[in-house]
4 protein chains.
Amino acid sequence: GARALTSAGVRLDLSGVYPPIATPFTEREDVDYDKLEHNLRKYAEIPFKGLVVQGSNGEYPYLTEEERVEVVKRVRRSMPADKLLIAGSGCESTRATLELTAKMAAAGADAVLVVTPCFYKGKMDSHALVQHFTKVADGSEVPLILYSVPANTGLELPLDAVVRLSQHPNIVGLKDSGGDITTMGLIVHKTKDQDFQVLAGSAGFLMAAYCVGAVGGVCALANILGKPLCDLARLCTSGRWEQARELQQRLIEPNAAVTRKLGVPALKQAMDWFGFHGGVCRSPLRPLDQEQTQQLRRDFASNGWL
Amino acid sequence: GARALTSAGVRLDLSGVYPPIATPFTEREDVDYDKLEHNLRKYAEIPFKGLVVQGSNGEYPYLTEEERVEVVKRVRRSMPADKLLIAGSGCESTRATLELTAKMAAAGADAVLVVTPCFYKGKMDSHALVQHFTKVADGSEVPLILYSVPANTGLELPLDAVVRLSQHPNIVGLKDSGGDITTMGLIVHKTKDQDFQVLAGSAGFLMAAYCVGAVGGVCALANILGKPLCDLARLCTSGRWEQARELQQRLIEPNAAVTRKLGVPALKQAMDWFGFHGGVCRSPLRPLDQEQTQQLRRDFASNGWL
Amino acid sequence: GARALTSAGVRLDLSGVYPPIATPFTEREDVDYDKLEHNLRKYAEIPFKGLVVQGSNGEYPYLTEEERVEVVKRVRRSMPADKLLIAGSGCESTRATLELTAKMAAAGADAVLVVTPCFYKGKMDSHALVQHFTKVADGSEVPLILYSVPANTGLELPLDAVVRLSQHPNIVGLKDSGGDITTMGLIVHKTKDQDFQVLAGSAGFLMAAYCVGAVGGVCALANILGKPLCDLARLCTSGRWEQARELQQRLIEPNAAVTRKLGVPALKQAMDWFGFHGGVCRSPLRPLDQEQTQQLRRDFASNGWL
Amino acid sequence: GARALTSAGVRLDLSGVYPPIATPFTEREDVDYDKLEHNLRKYAEIPFKGLVVQGSNGEYPYLTEEERVEVVKRVRRSMPADKLLIAGSGCESTRATLELTAKMAAAGADAVLVVTPCFYKGKMDSHALVQHFTKVADGSEVPLILYSVPANTGLELPLDAVVRLSQHPNIVGLKDSGGDITTMGLIVHKTKDQDFQVLAGSAGFLMAAYCVGAVGGVCALANILGKPLCDLARLCTSGRWEQARELQQRLIEPNAAVTRKLGVPALKQAMDWFGFHGGVCRSPLRPLDQEQTQQLRRDFASNGWL
C-alpha cells in the first residue's frame, strides 16, 4: 500500500465533493482550453475536494489520447495545489489502460479513475475484471479508484470483485454511478477493514450514499450547482439530516435532467446559464432541441435554482 | 378523502414496520391455518405497526380467491385489534380487483395493497395505471396503498402516475419494492403536500428509505428478524444514524438471501430456523437444495444472526 | 404417449395456422357470446387448422375461471368438429393449472396450451419449469403444448427445459412467441427424434419459422388476416419461398401493430374494420386514442390491406 | 451514389460469406503478423466473398489506431485482389470515425464497416445516429456498411434510421448481428427500392436471413468452418432449403459457443483445433478454463465437426 500513501505516509483521503468536469469545445469541436481555464477559475472558489477529469461527463470517449493527457496537464497547472486531481485513464484493453495511467500520473494526477472495460461484456466476469484492475493497480504510480457506470457501460462491477479489489494496497476506492443503495451499503460493510472509500457517482443519491457510509461524491451536477452540493455534503457529515433532506430533494430533478434524461448536452446548456462555459458537445452528441431546453429549464426553475 | 380517515377523522397513519407474512402450507400444499396461528402469536410480541397479508411473500398468486380472503379473516381474528391489517387485493383486471378489494374490506382489512397489473406490460402506461388505481380507490371502502414490485411484475409504477394518484383522497401511500432511492426521494418530495406515505418494500434499503423521507417498511425479512427491524426503524426515527447504519449493514445479506437471491423458499427455510413455521411452498416453487441451504445459513451466520 | 395419440393411434398433428381468438365484451365489459358466435362463423370459412382459445390475445388473465371454461364450451359447440380446439389452461400454481386443464378437457379442448408461470421469475429455472410442466402433462387427459411468451411473462422457457420436456409422451409441441429464430432452429434440431412440433407464436416470423422447421403458427394477426396467413403457410410448405417472402413482408407491420406496438386494443380495433367483432377490452386495457388509431390504419394501408 | 459504384459503374455487390477475422497475438500480446499471414493463406482457398477486418471478433477495441490500420494493410497485401476487404472504422466520435475511415480507404479497404457509437447510449437516438452515419458516409472515399451489434454495444440501430440511411448513395448495406428476424425482414422490405444489402451478422441465423431476403453473412464461425458456411449460403441461394436446414442446424451450437456463450477466446481456441492460428486474446479477455474448453469441444463434436 506504499503507493496509495501520501508523502506523509497517510492513505489518500478522498472524502468530499468533486465535479467530473465537462470539456468545452469550440464551434469546430476542438478542445477550447481558454474556456476550460475560465471554468477552473470559478471552480477554485468552491470548496470542492478536487476535480475529476475525463469522467463520463468529460466526453472522454470522444477525445484522442493526446487530448485526454493535455487536458489533465492544463487542469493540473491551473487548479490549486491542495486540491486532488483525479484523472480517468480507463481503456478497453489492459495494456492501453496501463499506458494511459502512466501518462496521467506524469501529467500530475493524484489518482486515476478506471472504468470497467465493457465491449466484450459477456466475458467481463469477476475473474476478468479483478485481473484487469489488479494489473493496472500493480503498475500504477498513483492510487487507483474503481469506476462503475452501468448506464454507459451496460455492466455492473460485481460486489465480490469490489471486495476482492479493495484489498489491493493501491486501490483506494470506488466511484459508484449505478445507484443501487443496498449494494452500496453492502460494499461499505464488506470493505470496512480495508479503509476503502466509496464515492457516490451522482447527486441524486448523494445524501442516501452518505447515510449508508459513502465519504463523498463525484457529481455531474457539481459542474453547475457546486456550492449547494458541498453544502449538502457538509450537512450530511455533520448529522443535520433534516436540512440535508430538504436540500437533497431540490437537487434530484436538476440532476436527473443533466444526466439520465438529457445527458451531457443538457449539462453544458445549464453550465451556460450559471456562468460557466458549457457550449457544444462533440458529434454524434447533439445540442438540445427547444422542447428539451424548456424541460431542462423547468427542472431547475421548479426547484428554485433559476 | 373521508374514507381514508379513521373513525376519529384522522388520516390512516402507516408509519412503522410490517412483515408481509408468509402462508404456511401442509405437506400436501393446503393452507395450514394452525401454523399460521402459531406465527401470528409470535408476531404479536413484536412491535410491528401491523401485518401485510397477501404480499408477494404470501404466495398470493398461488392462492385461490377463497383462500386469499379466508387467510385475511383468520389473521384479523388472531391479531391484536390495535395493529393494522393491510391486505393485498390486486388482480390483473380492474373488475376483479374491485371485487376482491370489497371482500378484503369485509374480511377486516384496514387498508388494501394493490399491485400494478402487469401481464400486458406494454400497455400499462401511466394513463392506464392511473385509471386502474383510481377506479379501485373510488370503489374501495378502505384506504388503498399502491404497490410497485418490478422484480416480480417487470413493471415500474411511473413517477408521474404516483404523483397523480397521491392526490386521490382514498390513496394513502406506496409500497416501493423497486429500491431506486433517488426516485423514492423524489416521490417524497413531489407528494409532500399530499400527506402521502412511502413504505420501503425491502429491508435492504430501509435505513436509506427513512433517510430520504419514507415512514416505514414492509420487509420480507421481518418474518424472521422482526425485532431487529423494528429496532432499526426506531434508530432511524430517533436520529441515531450511526447505530442504525451498523444494524442496517448486518441485515443486507440475510435480506438479499430471502428475497432476490433465493426467494420465498429461503424465507420459509429461515423462518423454521428462527422458531416460526415456514415449511414448503406451493409448486412450482421448490425447496432449496443443499448448497442453497448452506448459502442461506452463511448469509445469516456471517452477520451474527445464527 | 397414449394420451397424445388420437383415437386412431396417431400422434396429434398440430401443423397449420391458428388464430388465438379475441374475447368480445359488451360495453359493460361482460363476455359477449353473441359476438363471439359471429366471429366463429366467419373463422369457419377460413382454412385454419383450428382455434386457440385463451391465448394472450384472449385477455385470459382478465377472465374468471368460470368465464375461461365457458368460452371454451361455446367455441367447441360452434366450431367445425374436424378443427382442433386448443385451450389455454396455464395458471401460476401447478395445482390450479392441473384443475383448469381438467376442466378444459371436459369442455371439449383437443389439447391445452400451458404458459410458463412467471410471477416468481427469479425462481422459475429449468428445474422448476420441467417439474411444473411434467406434473401437468402427467395429469392431463389431453396433449399439452408448451407456451413461451417473454413479452408478457418476462421469462424465456430455456432450451434445455424444452428438450427435456419434448420427451414427455403427453407434450406434443411448443408455441414460441419469443421469436429468436436461432433458438427456434435449435429446438427443432434437438427434438428431431421426438416428433415434437414447434408453432411460431407470431405472424412476423412465420415464414422464417417454417424455414427452420416449424410446422405452423398461432398468430394474433390471424384474427384479422386469416386467409393471407393460411396462404403464407401453404406457400412455405410447398416450397414457393419467393412468393412467400413477398407476402410475409406485407404482414410484418400489420402484425407488429396489433401485437408489440399497440396490443390487444389494436387487434380488436382492426377486427372491427375487417368485419369481425372486436370492440372494447376489459379495463385496465384502454381503447386506442386517435393518433394510435391512425397509426394502426397506416400500418395496414401502407401494406395494401386497407 | 457515384462513390458506391465500382470503377465499372456498378454498385458494390456484397453478396456472400465473410469471416470477420480474428487478430492473432504473440504470447506477449503483440499483433502476430506471421500467424495472420498463415490464416490468410488458408482463407484464400475458401470461396469467401471477402474478409471483414476489425469486426468485433478482431478485438478492435483492444488495438491502437496504428495497429488497426496496419492489420488492414497487411491483409490487403496478402489477400486475392478479387476479394472484398471490408474494414471496421467505427469510433465513438464522428471526427475520429471520419479520420479512421480515410485511413482504412488508403490502406486498401473496399468498404468500411461502421459500428453504432454507444457510450452515451441514452442520447444515441435515430436523429443522432442518422447524422453520425451521414457525415461519415459523406466524407468516405469508399462505400459504408452500417453495423449493429447490440450484444456488445447495448444499442439497436433503429429501423427508421436504417431506412433513412439506406437512401444515402454511399451507404450500401447493413451487418445486423442483433438477429431479430422479423426486423430483418422488415428492413429488406422497406429498403427494397434502394438496392440496400443486408448481411446476417451471425451464422446462427444465416439461413433464416437468406430466407427473408439477406444477401450474405459476416459470421465469426467462418473463421473456423468457412467451407460449410459457404456451402450453406449456396444451398440457400439455389433454393435447396431442405439440405440447407440440415446443415444450418448443425452450425447453431458451434456458432453459439464461439460467440454468445464463450466469446472470442473460444473462437481462437477452436481455430487452433481446425488448423488456423488462434492463440491468446489481449487482456482483459482471458483464455477458456478447462470446463469451458470441454464444453466448446462438445458443441463442435456433438454436431459432427470434431
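My aim in this report is to walk through the structure given alongside it, one point at a time. (Residues numbered from 1 in each chain as written. Chains lettered and ligands numbered in written order. Predicted model: local features only at pLDDT ≥ 70, side-chain atom pairs only at ≥ 80, totals over all residues. Heavy atoms only, no water.)

### Things to note about unusual backbone geometry
Most peptide bonds take the trans configuration, and most residues that are not glycine carry a negative phi.
Here is step 1 of the chain: For the bond running from S283 of chain A to P284 of chain A, omega is 15°, close enough to zero to count as cis.
Here is step 2 of the chain: If you check the backbone angles, E59 of chain B has positive phi at about 55° while not being a glycine.
Here is step 3 of the chain: Within the fold, E59 of chain B resides in the loop between strand 2 (50-53) and helix 2 (65-78).
Here is step 4 of the chain: Its identity as a non-glycine residue notwithstanding, E29 of chain D has a phi of 75°, on the positive side.
Here is step 5 of the chain: Along the chain, the position of E29 of chain D falls in the loop between strand 1 (16-18) and helix 1 (33-43).
Here is step 6 of the chain: The buried category is assigned to E29 of chain D, whose relative accessible area is 17%. (Helix = DSSP H or I, 4+ residues; strand = E, 2+ residues; numbered from the N terminus. Buried < 20%, exposed > 50% of the residue type's maximum accessible area, 1.4 Å probe, protein only.)

### Examining the interface of chain D and chain A
Here is step 1 of the chain: Listed as interface residues are 39 residues of chain D and, on the opposing side, 39 residues of chain A.
Here is step 2 of the chain: Taking both sides of the interface into account, the surface hidden between chain D and chain A amounts to around 3,300 Å²; carbon and sulfur atoms contribute 54%.
Here is step 3 of the chain: When the area that chain D buries against chain A is broken down by residue, the three leading residues are R95, F119 and Y120 of chain D, summing to 23%.
Here is step 4 of the chain: In this structure, the salt-bridge partner of R95 of chain A is D30 of chain D, at a minimum N-O distance of 3.1 Å.
Here is step 5 of the chain: The interface formed by chain D and chain A holds 24 residue pairs in polar contact (both at pLDDT 80 or more) in total.
Here is step 6 of the chain: Within the residue set of the side of chain D that touches chain A, elements represented by two or more residues are helix 3 (94-106), helix 4 (126-139), helix 5 (150-153) and helix 11 (263-273) of chain D. (Contact = heavy atoms within 4.5 Å. Buried area = accessible area lost by both parts, 1.4 Å probe. Salt bridge = Lys/Arg side-chain N within 4 Å of Asp/Glu carboxyl O. Polar contact = N/O pair within 3.5 Å; in protein donor to acceptor, adjacent residues only side chain to side chain.)

### What to know about the pattern of salt bridges
Here is step 1 of the chain: Counting across every chain of the model gives 52 salt bridges over all chains.
Here is step 2 of the chain: Between R245 of chain A and E242 of chain A there is a salt bridge, with the nearest N and O atoms lying 3.7 Å from each other. Note that R245 of chain A and E242 of chain A are positioned in helix 10 (residues 241-261) at a spacing of three residues, about one turn of the helix.
Here is step 3 of the chain: Since its relative accessible area comes to 55%, E242 of chain A is described here as exposed.
Here is step 4 of the chain: Two residues, E65 of chain D and K103 of chain D, come together in a salt bridge whose shortest N-O distance is 2.3 Å. One end of the pair, E65 of chain D, is in helix 2 (residues 65-78); the other, K103 of chain D, is in helix 3, with 38 residues separating them in the sequence.
Here is step 5 of the chain: For E65 of chain D, a relative accessible area of 29% puts it in the partly exposed group.
Here is step 6 of the chain: A relative accessible area of 35% means that K103 of chain D is categorised as partly exposed.

### Description of the sheet that holds strand 1 (residues 16-18) of chain A
Residues and elements named next belong to chain A.
Here is step 1 of the chain: Reading across from one edge, 1-8-7-6-5-4-3-2 is the order of the eight strands in this open sheet, with parallel pairing throughout. The open sheet has two edge strands, strand 1 and strand 2 (50-53), and neither has a second partner. Ignoring strand direction, the axes of neighbouring strands in this sheet form an average angle of 25°.
Here is step 2 of the chain: Bridge analysis of strand 7 (residues 197-200) against strand 8 (residues 216-218) gives two bridges, and the strand direction is parallel. When the bridges of strand 8 are listed, L199 appears paired with G216. (Pairing = 2+ DSSP bridges. Axes fitted to C-alpha atoms, helices over the stretch in contact; angles between N-to-C directions.)

### Some remarks on the packing of aromatic side chains
All names here are of chain C.
Here is step 1 of the chain: Per the stated rule, a full pass over the model turns up 26 aromatic pairs over all chains.
Here is step 2 of the chain: Measuring from centroid to centroid gives 5.1 Å for Y43 and F276, while their planes differ by 25°, and the two rings are stacked. Here the residue Y43 occupies a position in helix 1 (residues 33-43), and F276 occupies one in the loop between helix 11 (263-273) and helix 12 (290-301), the gap between them amounting to 233 residues. F276 carries the same exposure label as Y43, and that label is buried. (Phe/Tyr/Trp six-rings, centres within 6.5 Å; stacked < 30°, edge-to-face > 60°.)

### Observations concerning the interface of chain A and chain B
Here is step 1 of the chain: With 22 residues of chain A at the interface, the matching set in chain B holds 22 residues.
Here is step 2 of the chain: A buried area of about 2,000 Å², summed over both sides, lies between chain A and chain B, and 63% of it is on carbon and sulfur atoms.
Here is step 3 of the chain: At the junction of chain A and chain B, the tally comes to two salt bridges.
Here is step 4 of the chain: Across the pair E253 of chain B and K190 of chain A runs a salt bridge whose closest N-O atoms are separated by 2.7 Å.
Here is step 5 of the chain: In this assembly, chain A and chain B are joined by ten residue pairs in polar contact (both at pLDDT 80 or more).

### Focus: the environment of M184 of chain A
All names here are of chain A.
Here is step 1 of the chain: Considering the arrangement of structural elements, one finds M184 in helix 7 (residues 181-190).
Here is step 2 of the chain: For M184, a relative accessible area of 0% gives the class buried.
Here is step 3 of the chain: M184 sits 143 residues away from R41 along the chain, and the two C-alpha atoms are 33 Å apart.
Here is step 4 of the chain: Apart from the residues within four sequence positions on either side, M184 is in contact with D176, G179, V198, F205, A209 and V212.

### Topic: the environment of D13 of chain A
Residues and elements named next belong to chain A.
Here is step 1 of the chain: Among the structural elements, D13 can be located in the segment before strand 1.
Here is step 2 of the chain: As for D13 and V172, which are separated by 159 residues in sequence, their C-alpha atoms are 8.7 Å apart.
Here is step 3 of the chain: Other than its neighbours up to four places away in sequence, D13 contacts K49, L84 and Q197.

### What about helix 4 (residues 126-139) of chain B?
Residue and element names in this part refer to chain B.
Here is step 1 of the chain: In this model helix 4 runs 20 Å from its N-terminal to its C-terminal C-alpha over 14 residues, within 8% of the 20 Å that 1.5 Å per residue would give.
Here is step 2 of the chain: Among the residues of helix 4, S126, A128, L129, V130, H132, F133, V136 and A137 are the ones counted as buried.
Here is step 3 of the chain: Tucked into the core, helix 4 has its buried residues touching helix 3 (94-106), strand 4 (111-115), strand 5 (144-148), helix 6 (159-165) and strand 6 (171-176). (Expected span 1.5 Å × (residues − 1).)

### Some thoughts on the relation of the copies chain D and chain A
Relating one copy of the chain to the other takes a rotation about an axis and a shift parallel to that axis.
Here is step 1 of the chain: Rotating chain D by 180° and translating it 0.0 Å along the rotation axis places it on chain A, where the RMSD comes to 0.0 Å. Overall, the copies show the geometry of a two-fold rotation axis. For chain D, the residue whose C-alpha comes nearest the rotation axis is G154 of chain D, separated from it by 3.3 Å.
Here is step 2 of the chain: The overlap is high: 100% of the interface residues of chain D also sit at the interface in chain A, so the same surface is used on both sides. (Least-squares fit on C-alpha atoms with pLDDT ≥ 70 in both.)

### Things to note about helix 3 of chain D
All names here are of chain D.
Here is step 1 of the chain: With 13 residues, helix 3 extends 18 Å from end C-alpha to end C-alpha; this agrees with the ideal 18 Å at 1.5 Å per step.
Here is step 2 of the chain: Restricting attention to buried positions, one finds in helix 3 the residues T94, T97, L100, T101, M104 and A105. The arc that holds the buried residues of helix 3, viewed along the axis, is 140°, so those residues lie on one side. (Arc of directions from axis to C-beta.)

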